[in-house]
Amino acid sequence: MRIAVAGGTGRLGRHVVDVLNKMGHEAVPMSRATGVDVVTGEGLAPALTGVECIIDAATGPSPDKQQAAAFFTAAVSNMLRAGEQAGVRLAVVVSIVGVDKLTTSYGAAKRDQEQAWLAGPIPVRILRSDLFHEFVEPMMQWSRQDDVIYLPAARRQPVAARAVAETLADLATTDETRSMVEVAGPRVETVADLGAMLAARNGDPAKVEPLSDPGDPDSVLYESGQVLPGPDAVIAGPTFAEWLETDASRPAAGG
Ligand SMILES: NC(=O)c1ccc[n+]([C@@H]2O[C@H](COP(=O)([O-])OP(=O)(O)OC[C@H]3O[C@@H](n4cnc5c(N)ncnc54)[C@H](OP(=O)(O)O)[C@@H]3O)[C@@H](O)[C@H]2O)c1
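Report on the accompanying structure. (Residues numbered from 1 in each chain as written. Predicted model: local features only at pLDDT ≥ 70, side-chain atom pairs only at ≥ 80, totals over all residues.)

1. Things to note about the site of the ligand
Note the cut-off: Any residue whose C-beta atom, as placed from the backbone, lies within 6 Å of a molecule or strand is termed near it. For this classification, the nonpolar set comprises Ala, Val, Leu, Ile, Met, Phe, Trp, Tyr, Cys and Pro, the charged set comprises Asp, Glu, Lys and Arg, and every other residue, Gly included, is treated as polar.
In the vicinity of the ligand, 24 residues are found, and the nearest of them are Gly7, Gly10, Arg11, Ser31 and Arg32. A class-by-class count of the residues in the shell around the ligand yields 12 nonpolar, 8 polar and 4 charged.

And the structure:
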């Protein structure tokens, strides 16, 4: 099957492309690096020729709620229009565990992205993932102030991007009656603890400080463990600690 992967060069998308190709499908990565801009629509029509399914793993550069919402509004509208014209039969959309509860953060823009896909003419399956193991390192870089790294006290159930990609590929290529599936790792941990583990593994002497924001409703939900996956979630290893022992956790390995 020919399957287009929006964001197919990203942290998650590159694994999705690799998994699909290894399964014997033909993955078409769609990103600006491959000549497709989902925000302007440039390159979308030729990329979608003969495509049966779009996997949407694209996201813009900003975690800001408004900027993310603007990205998703334009991207989903363009993919729906071009996808319908190309005869695409299914869209599989990557979202975030618990987005229906979030109001102030990037997650709220993801909830609106889900709604935009669901309102369109193409049948949709949504995969809500928990935090990727691979996302801890960039969070540490953004929040570093000299030798202190401030990370959320949020409780998450982190999962390897490779495991998310495998679940996405299954959703895109097998019969599935559920329109929404969750995927998460095996353990609940705070993001600050994950950062401390990664710093220790890297021999980084920085101190990791948990950051709490009682004034932000989404932070309160995350810290109190109200944004964790439900009992029917797909639970996929490795744990973060196990993943740190693998080559995939080393940036040079492209993980
Ligand atoms: N990171 C996490 O922990 C996490 C957890 C749960 C769910 N998710 C979701 O998973 C998805 C993928 O996240 P990620 O961390 O893999 O993101 P990422 O590494 O930032 O990758 C984003 C991808 O989108 C592409 N892109 C950006 N602007 C584009 C445009 N205008 N047109 C076409 N492609 C564009 C990028 O390629 P170019 O720059 O070449 O265009 C890249 O391939 C997102 O929807 C995110 O919300 C992430």
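2. Digging into helix H1 (residues 13-22)
Given 3.6 residues per turn, any residue in an α-helix points the same way as the ones three and four places further on. Cut-off, in case you're wondering: Exposed residues have 12 or fewer other C-beta atoms within 10 Å of their own C-beta, buried residues have 20 or more, and partly exposed residues fall in between, where C-beta atoms are placed from the backbone. Helix numbers and strand numbers start at the N terminus; a helix is a DSSP run of H or I with at least 4 residues, a strand a run of E with at least 2. By the convention adopted here, residues are in contact when the distance between their C-beta atoms, placed from the backbone, does not exceed 7 Å.
Along H1, 7 of the 10 residues are buried, which leaves the element largely enclosed by surrounding structure. Those residues of H1 not exposed but buried are Gly13, Arg14, His15, Val16, Val17, Val19 and Leu20. Looking at the buried side of H1, the elements it contacts are strand E1 (2-6), strand E2 (26-30), strand E3 (53-56) and helix H6 (161-173). A positive backbone phi angle near 100 degrees is found at Gly24, which sits one or two residues after H1.

3. Quick word on the sheet that holds strand E5 (residues 124-129)
Sheets are built from strands paired through backbone hydrogen bonds, the pairs being either parallel or antiparallel. Rule in force here: Pairing between strands is defined by DSSP: at least two bridges between them are needed. Only the stretch in contact is used when a helix axis is fitted, and all axes are lines through C-alpha atoms; the angle between N-to-C directions ranges over 0 to 180 degrees.
Overall, parallel pairing links the 7 strands, which are arranged E2-E1-E3-E4-E5-E9-E12 in an open sheet. The sheet is open, and its two edges are formed by E2 and strand E12 (234-235), each paired on a single side. The sheet contacts of helix H4 (residues 106-118) involve strand E4 (90-96) and E5, and relative to E4 the element is tilted by about 165 degrees.

4. A few points about the nonpolar core
What tends to happen in soluble globular proteins is that the nonpolar side chains get buried as a cluster. Under the convention used in this document: For our purposes the nonpolar core covers buried Ala, Val, Leu, Ile, Met, Phe, Trp, Tyr and Cys residues that link as a set through C-beta atoms within 7 Å.
Of all hydrophobic cores here, the largest spans 75 residues; its most connected members are Ile3, Ala4, Val5, Ala6, Val16, Ile55 and Leu168. Discounting chain neighbours no more than four positions away, the residues touching Val16 are Val5, Gly8, Ile55, Ala57, Ala165, Leu168 and Ala169.

5. Focus: unusual backbone geometry
In this chain, Gly237 is followed by Pro238 through a cis amide linkage whose omega measures 5 degrees. In this structure, Pro238 sits in the loop between E12 and helix H9 (240-244). In this structure, Asp146 is a non-glycine residue whose phi angle is positive, near 55 degrees. Checked against the element boundaries, Asp146 lands in the loop between strand E6 (144-145) and strand E7 (148-152).

6. Structural notes on the sheet that holds E6
Read across the open sheet, the 3 strands follow the order E6-E7-E11; overall the sheet is mixed. What marks the edges here is a single partner per strand, and that holds for E6 and strand E11 (207-211). Two elements, E6 and E7, share 2 bridges in a ladder whose sense is antiparallel. From the neighbouring strand, Gln145 faces E7, where its bridge partner is Val148. Across the sheet, helix H7 (residues 191-202) lies against E7 and E11, angled at about 145 degrees from E7, the strand it touches most.

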